[in-house]
Amino acid sequence: MPHTAARAETLVLAGTMGGRITLEITERYEPAPATNWMSLKTYRTPTFGSRTWQQTVLSEDAVYSERPAQSSVTRDDAGNMIMTERWERPSAPIQITRRLVVETRSALATVESRTGFPMGSVPPEAARFLRSTPMVQANDARIQDLARRLTAGAASARGAVEAILDHVVDHLEYRYDPPAHDAVSALDRRLANCQGYAHLSMALLRAAGIPARATVGISLSKGWRVQHPDGTVTFKMGQGRHAWIEVFYPDIGWIPYDPQTSHLFVSIYHVRQAVGLDARETLGIISASPKLPTIQESIQGDGTDEVFAIRTVRRTQEPRNFIVATDVVDRIVAVAAPPATVPPPPVAALPPPVVSPPPVVSPLPSVVRPPSPVVVPPSPVVVPPSPPVPVRREQLTEFVELGNLEFPAALRIFGTPEAAGGAELARRTFIVETAEYATGTEEFAQAFSVDTPLLLTDVSLALQKFGGTTGQVWVDLHGELSHKPGRLLAESRHLPVGGLIDRGGYRWVVFDMAQQDGGVLLQSGRYWIVFRSTGDGIFNWYFSLGKGLRDPDDSRSRLRGAADWSNMLNYRFNFRVTGMGKP
């Protein structure tokens, strides 16, 4: 598909953000018949500080419907505090409510680094995070080659990290539950959730000799905004388990990065719980004998006493997708080893220049002849291009479907059960809910492009209804105007809120665009879908995080009734466009 020019960039920030984050995690386990025992492995949330981001635990407690028979806390090699809880012969459902309050602060001041590249020797406690693992294949030949090429021009460790992470965010597309989560699979498929982003980033960094470790915790689905020349950019994560990374610099220590959104810091809506060689190493585990229980979990969270005093101090044009970063000054005074050199790619030889042969000079004749007449060639006839032949509706006979189609109808809290010596175990997943309250104070728009004429018949949105009986919902179709919704082109059939059933989970809600003339005839170009509503309906619209492999400015929001779509969103709504195209 053709795309209009994207206007994304890295926004370098200065200032502070902070707040008090409260989490309430409710877990419910219904034991299988004749369960002998059930065990949970979870991580205690630590207080942590870095040069750019700090987390302080204020309180952490749990309320049990049935207390465990055994409970212990141990420390692993990475310094994580692991809590193990065990119940003997449970028969009734077990409900646990875990409450956590932390203060977090991001200090976005200029960071000075004196670490050159290659980095050279690092302390043993950091060197363990240079290892290759089955999820972070730093020794893979393609990973090694790509790391060399990406960092060939880097003079500082910070520059090498930036080159690697810029590549990752521009070459991966977010998928809530991809087939695999390791680095090589992310490299091959270009599809990843937060695990894949973290694993590919760490594999490339370790291949370049830069220690990097997986960080796991919980993110809040609460957006925060940064001023941009075209309004604001909204950054938002899903509500649930999340993975990001920390990078080690010998002079400034471990520094957090979220490969999907931010460099050199993470937002205050990240709650850090554990670190490890990869995300799989730090997953919570449930086990039971002989069968696992039925599991339900909900995560509620909010922020209070929030302060956002940040500003954009400069902008860069890489990566292509929106990233925010704090500023860094590289002051390289010595380099442990000369930078690794990578031969430049071969340059195709240019054809030799065409040199006209020197003129042949004949001796002057004895008889002087008159000069030949000058012949002026006729001016070329310029034929204007023929206007495109309009496509008639009857020529569009082939079914067409496009859009952002992948979303979960329901969330899997734990992965596929694994056999474990007469018992079963399962590991937590990173499948999170990412959705906007689409019938609240803001309204939302999503762009799509077509490269050939399309007779648009239906637009479907991934919606969940939570309540309401009055009013209507529909979609408007707009043209493109300066990367925003322009002129209103068409309106779908209105659906009564009361007629849409709340079944739980997200499903396609189909809006009919064929009520007049069998559909809307679209020429090639870019168009915008706007979700509209009246009455008391409560609907969420699912979205995918990040912008990999698409236009960075293809989703917008504005306050209801506002004239301009000033807010750009760092994610893409799930939608489906169907119609008829030319065979």
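Here, every reference points to the structure presented above.
Attention here is on the structure that accompanies the text. What you see is a predicted model; the values in this text were computed from it and never measured. (Residues numbered from 1 in each chain as written. Predicted model: local features only at pLDDT ≥ 70, side-chain atom pairs only at ≥ 80, totals over all residues. Heavy atoms only, no water.)

**Side note on the side chain of His-478**
Position of His-478 among the secondary structure elements: in strand β28 (residues 472-481). Among the polar contacts made by the side chain of His-478, one reaches the main-chain carbonyl oxygen of Gly-486 at a distance of 2.9 Å. Residue contacts for His-478: discarding those within four places in its chain leaves Pro-485, Gly-486, Arg-487, Leu-488, Leu-489, Tyr-527, Trp-528 and Val-530. (Helix = DSSP H or I, 4+ residues; strand = E, 2+ residues; numbered from the N terminus. Polar contact = N/O pair within 3.5 Å; in protein donor to acceptor, adjacent residues only side chain to side chain. Contact = heavy atoms within 4.5 Å.)

**A short note on helix α5 (residues 194-207)**
Between its first and last C-alpha atoms α5 spans 20 Å; for 14 residues at 1.5 Å apiece the expected length is 20 Å, and the two agree. Counting buried residues along α5, 14 of its 14 residues qualify, which places the element largely inside the surrounding structure. Taken from the residues just after α5, Gly-209 is the one with a positive phi, measuring 85°. (Expected span 1.5 Å × (residues − 1). Buried < 20%, exposed > 50% of the residue type's maximum accessible area, 1.4 Å probe, protein only.)

**A short note on the packing of helix α2 (residues 141-150) against α5**
Close contact between α2 and α5 brings their axes to 8 Å; oriented N to C, the two are set at 70°. The angle between α2 and α5 places the two elements in the roughly perpendicular class. Between α2 and α5, the residues in contact are Ile-143, Gln-144, Leu-146, Ala-147 and Leu-150 and Leu-200, Ala-203, Leu-204 and Ala-207, respectively. Here the contact of α2 with α5 is composed, by residue class, of 8 nonpolar, 1 polar and no charged. (Axes fitted to C-alpha atoms, helices over the stretch in contact; angles between N-to-C directions. Parallel < 35°, antiparallel > 145°, perpendicular 65-115°, else oblique. Nonpolar A, V, L, I, M, F, W, Y, C, P; charged D, E, K, R; others polar.)

**Points about α2**
Along α2, the residues that are buried comprise Ile-143, Leu-146 and Ala-147. For α2, the angular spread of the buried residues around the axis is 100°, confining them to a single face. When the buried face of α2 is taken as reference, the exposed residues oriented beyond 90 degrees from it are Ala-141 and Arg-149. If you check the start of α2, you find a side-chain oxygen 3.0 Å away from the backbone N of Arg-142, and it comes from Asp-140. (Arc of directions from axis to C-beta.)

**Observations concerning the nonpolar core**
Counting 85 residues, the largest nonpolar core has Ile-210, Tyr-257, Phe-448, Leu-461, Leu-477, Phe-511 and Phe-531 as its most contacted members. Ranked by residues supplied to this core, first place goes to α5 with 8 residues. What Phe-448 contacts, discounting residues up to four positions off in sequence, is Leu-402, Leu-477, Leu-522, Gly-525, Arg-526, Tyr-527, Ile-529, Phe-575 and Val-577. Listed in part, the 23 residues of the second largest apolar core include Leu-13, Ile-21, Phe-265 and Val-324. (Core = buried A, V, L, I, M, F, W, Y, C linked by side-chain atoms within 4.5 Å.)

**Describing the pattern of salt bridges**
Taken as a whole, this structure holds 35 salt bridges when the rule is applied. A salt bridge links Arg-20 to Glu-103; the nearest nitrogen and oxygen atoms lie 3.0 Å apart. Within this pair, whereas Arg-20 is found in strand β1 (residues 10-30), its partner Glu-103 is found in strand β7 (residues 94-108), the two being separated by 83 residues in sequence. Across the pair Arg-532 and Asp-476 runs a salt bridge whose closest N-O atoms are separated by 3.0 Å. Here Arg-532 is found in strand β33 (residues 525-533), whereas its partner Asp-476 is found in strand β28, with 56 residues between them in sequence. By relative accessible area, Arg-532 is classed as partly exposed at 27%. Among the residues examined, Asp-476 registers a relative accessible area of 5% and is labelled buried. Connected through salt bridges with shared partners, the residues Glu-27, Glu-85, Arg-98, Arg-241, Glu-297 and Arg-428 form a single ionic network. (Salt bridge = Lys/Arg side-chain N within 4 Å of Asp/Glu carboxyl O.)

**Observations regarding the packing of aromatic side chains**
By the definition in use, this model includes 20 aromatic pairs. Arranged with centres 4.2 Å apart and planes meeting at 25°, the rings of Trp-541 and Phe-573 form a pair that is stacked. With Trp-541 in strand β34 (residues 538-545) and Phe-573 in strand β37 (residues 571-573), this pair connects stretches of sequence that are 32 residues apart. Accessibility classification places Trp-541 together with Phe-573 in one group, the buried group. An aromatic cluster is built from Phe-444, Phe-511, Phe-531, Phe-539, Trp-541, Phe-543, Tyr-571 and Phe-573, whose rings are joined through pairwise contacts. For Arg-213, the ring lying beneath its charged end belongs to Phe-129, and the centroid distance is 5.9 Å. Above the plane of the ring of Trp-254 lies Arg-213, whose end atom (NZ or CZ) is 4.0 Å from the centre. (Phe/Tyr/Trp six-rings, centres within 6.5 Å; stacked < 30°, edge-to-face > 60°. Lys NZ or Arg CZ within 6 Å of the ring centre and 35° of its normal.)

**Quick notes on the packing of helix α3 (residues 157-171) against α5**
Remark: α3 packs on α5, axes separated minimally by 10 Å, with the N-to-C direction vectors making an angle of 145°. As for the relative orientation of α3 and α5, their crossing is right-handed in sense. For the pair α3 and α5, the contacting residues are Val-161, Ile-164, Leu-165, Val-168 and Val-169 in the first and Tyr-197, Leu-200, Ser-201, Leu-204 and Leu-205 in the second. Each residue belonging to the contact of α3 with α5 can be placed in one class, and the counts come to 9 nonpolar, 1 polar and no charged. (Left-handed = near helix turned anticlockwise from the far one by under 90°.)

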